[in-house]
Amino acid sequence: FGVCLDTCHVHAAGYAWRGEAAYEALWAEFDSVIGLDRLKLIHSNDAKRERGSRVDRHEHLGKGRIGLATFRRLVRDPRLAHVPIILETPEAETMHRENLELLRSMRPRACAGRRDAAGRPVGYTCSGAAAARSLAAPAPVVQERSRSV
């Protein structure tokens, strides 16, 4: 079975992941309880409410309580290189392009070029012309979600 992680849900449930130590601790716990191999999708959205509020109110990236540094770590984390990321932010019709461009801009400019035993890219995804070529590959592709939240 597979798991989808929603960034706002993690925050609203009270998990700390702002800062490098907290981010690493969150993924260590996730791996020990669920397993990183079971992570199949990430819904990416910032949070309007404070950590631990148990309130699921999505916000535009960088405009909420999770913060841009956490999203930057997320898209650059080599352990998550195979996991697609889908935006699930408010005002899909007018703001998804802006959120998508912001998230994509956080990725490193160069491609790692390494692959795991299954042939999936390992490390960072690419941007620019290389990103266009990699869309068909099973690499993480930041995508739009056409639903308002």
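This text goes with the structure placed above it.
The following refers to the structure shown. Small disclaimer: the values here were computed from a predicted structure and weren't measured.

Right, let's talk about the pattern of salt bridges for a bit. Following the criterion strictly, the structure yields three salt bridges and no others. With a closest N to O distance of 3.0 Å, R79 and E24 form a salt bridge. Taken as a pair, R79 in the loop between α3 (68-76) and β5 (85-87) and E24 in helix α2 (residues 20-33) lie far apart in primary sequence, 55 residues in all. The shortest N-O distance in the salt bridge between R49 and E50 comes to 3.4 Å. Put simply, E24, D77 and R79 are held in one network by salt bridges that share partners.

On to the environment of D56. Among the structural elements, D56 can be located in the loop between β3 (46-47) and β4 (58-59). Remark: the alpha-carbon pair of D56 and H9, spanning 47 residues in sequence, is separated by 6.2 Å. With residues near it in sequence (within four places) discarded, D56 still touches C8 and H9.

The next thing to look at is the nonpolar core. Among the nonpolar cores identified, the biggest contains 25 residues, and W17 and W27 are the most heavily contacted of them. Elements with a minimum of two residues in this core: β1 (3-6), α1 (7-12), α2, β2 (39-44), α3, β5 and α4 (92-105). Considering every element that reaches this core, the biggest residue donor is α2, with four residues. Residues contacting W27, with those up to four places away along its chain left out, are L5, W17, L36, L39, L74, D77, R79 and L80.

Our focus in this paragraph is the environment of G62. Mapped onto the elements of the fold, G62 is located in the loop between β4 and α3. Separated by 40 residues in sequence, G62 and L102 place their C-alpha atoms 9.0 Å apart. Residues in contact with G62, not counting those within four places in the same chain, are D46 and L68.

For T70, the location among the structural elements is in helix α3. Given the relative accessible area of 3%, T70 is considered buried.

Further remarks concern the packing of aromatic side chains. The relation between two aromatic rings is expressed through the spacing of the ring centres and the mutual angle of the planes. Tallying each qualifying case throughout the model produces three aromatic pairs. Judged by centre distance (6.5 Å) and plane angle (15 degrees), the rings of W17 and Y23 are stacked. For W17, a relative accessible area of 1% corresponds to the buried category. On the basis of relative accessible area, Y23 is assigned to the buried category, the value being 2%. Each member of the aromatic cluster is reached from another via a ring pair, and the members are W17, Y23, W27 and F30.

Turning next to the packing of α2 against α3. Across the interface, α2 lies against α3 with an axial gap of 11 Å and an inter-helix angle of 50 degrees. In terms of orientation, α2 lies oblique with respect to α3. The element α2 and its partner α3 pack so that their crossing is right-handed. Packed against α2, whose contacting residues are E20, Y23 and W27, the element α3 presents T70, R73 and L74 at the interface. Of the residues assigned to the contact of α2 with α3, the class counts are three nonpolar, one polar and two charged.

What follows concerns the pairing of β2. Walk down a regular strand and you will see the side chains alternate between the two sheet faces. Across four bridges, β1 lies against β2 in parallel orientation. Note that in β2 the partner of D6 across the bridge is H43. Sheet analysis places β2 next to β5, joined by three bridges and oriented parallel. Its bridge partner lying in β5, S44 is registered against L87.

What counts and what doesn't
Residues numbered from 1 in each chain as written. Predicted model: local features only at pLDDT ≥ 70, side-chain atom pairs only at ≥ 80, totals over all residues. Heavy atoms only, no water. Salt bridge = Lys/Arg side-chain N within 4 Å of Asp/Glu carboxyl O. Helix = DSSP H or I, 4+ residues; strand = E, 2+ residues; numbered from the N terminus. Contact = heavy atoms within 4.5 Å. Core = buried A, V, L, I, M, F, W, Y, C linked by side-chain atoms within 4.5 Å. Buried < 20%, exposed > 50% of the residue type's maximum accessible area, 1.4 Å probe, protein only. Phe/Tyr/Trp six-rings, centres within 6.5 Å; stacked < 30°, edge-to-face > 60°. Axes fitted to C-alpha atoms, helices over the stretch in contact; angles between N-to-C directions. Parallel < 35°, antiparallel > 145°, perpendicular 65-115°, else oblique. Left-handed = near helix turned anticlockwise from the far one by under 90°. Nonpolar A, V, L, I, M, F, W, Y, C, P; charged D, E, K, R; others polar. Pairing = 2+ DSSP bridges.

What is shown is where atoms sit, not what they do.
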